[in-house]
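Working through the structure, step by step
Here is what each chain is made of, one letter per residue.
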Amino acid sequence: MQGELRQVADLALFAKIVQTGGISRCAEDLGMERTTISRRLGSLERELGVKLLDRSPKHMLVTDAGRRCLEQCEMLLDAAKNAYSLATVGEVVCEAPIVVGAPPDIIDRYLERLFCEFEAENTGIRIERQPISDWSRKSVESVDFGIALAPLDVDVGWSTPVAYLRQSIYANADYAARHDAITTPFDLQSHDLIIEKADANRGSWRFEWENGVTTVTVKPRFLVSGMLEAREATLAGLGISRLPHYLCEPYLESG
């Protein structure tokens, strides 16, 4: 078995000699002694009973026997390189983490599990979670990847829509009991509205109906930095907010 392994290594070495253009260059490339490579090549030729290379101080030619086995020898060499790459791919260590910025509720509800699975499958790669609700140029520059729930006011180069969240308007039961019912979107203008900073900058809410789209100008009674804050203010009965369904479904189900 040892002889077979040594022969495989020497066949791969023969391919390396041909690829580098000679024993001297091969020795330099591999960090080996020239005499060692020459000795191993001579030993391989004696075992095979054929000359693989015609060598002289000025040139090196591959013989007919050498050409017949060269392709297979090169495959041995490539296979060894591929095996090494596959064996070491899991050992890659990134000292700096990959920084991902997103609203805190998106991180907690959707991303955390995915991040943990990714880190477990890719040893040495860390993901730094950076909760960001109010995107600015400074916060954009602090992350490698970002997720925003509304169009950004700054040009960041990654503002491509990837999904849309269904949203509705919400109020708690006490607030609804103290105020008149809303029959049209424009009735909202007389209510206490809890609005995110991004929405306040746009100054309007857009509603889709079966017959079209209605846009209502809105002014905040309470200005909050993100959807989680808007939900908590709504639960406290401070007013009406526009929120994605996933943030409010548990509260609706529990009454």
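This write-up is about the structure you can find in this document.

Quick word on the side chain of Glu-196
- Residue placement: Glu-196 occurs in strand S7 (residues 193–196).
- Arg-242 provides the closest opposite charge to the buried, salt-bridge-free Glu-196, at an N-O distance of 6.5 Å.
- There is a polar contact of 3.3 Å between the side chain of Glu-196 and the backbone nitrogen of Met-227.
- Apart from the residues lying within four places of it in its own chain, the contact partners of Glu-196 are Leu-223, Val-224, Ser-225, Gly-226 and Met-227.

Describing the sheet that holds strand S4 (residues 127–131)
- Read across the open sheet, the 3 strands follow the order S4-S3-S5; overall the sheet is parallel. Only two strands of the sheet have a single partner each, and these edge strands are S4 and strand S5 (145–146).
- The sheet contact formed by strand S3 (residues 98–102) and S4 spans 5 bridges and is parallel. Bridge pairing links Ile-98 to Ile-127 in S4.
- Each of S3 and S4 touches helix H5 (residues 104–121); the most contacted strand, S4, lies at about 180 degrees to it.

Topic: helix H2 (residues 23–30)
- Restricting attention to buried positions, one finds in H2 the residues Ile-23, Cys-26 and Ala-27. For H2, the buried positions fall inside an angular range of 100 degrees around the axis, keeping them on one side. Counted as exposed and oriented over 90 degrees from the buried face of H2: Arg-25 and Glu-28.
- Gly-31, located one to two residues past H2, shows a positive phi value of around 70 degrees.

Criteria and cut-off values
- Residues numbered from 1 in each chain as written.
- Predicted model: local features only at pLDDT ≥ 70, side-chain atom pairs only at ≥ 80, totals over all residues.
- Heavy atoms only, no water.
- Helix = DSSP H or I, 4+ residues; strand = E, 2+ residues; numbered from the N terminus.
- Buried < 20%, exposed > 50% of the residue type's maximum accessible area, 1.4 Å probe, protein only.
- Lys, Arg positive; Asp, Glu negative; His and termini not counted.
- Salt bridge = Lys/Arg side-chain N within 4 Å of Asp/Glu carboxyl O.
- Polar contact = N/O pair within 3.5 Å; in protein donor to acceptor, adjacent residues only side chain to side chain.
- Contact = heavy atoms within 4.5 Å.
- Pairing = 2+ DSSP bridges.
- Axes fitted to C-alpha atoms, helices over the stretch in contact; angles between N-to-C directions.
- Arc of directions from axis to C-beta.

Scope: geometric values only; no functional claims are made or implied.
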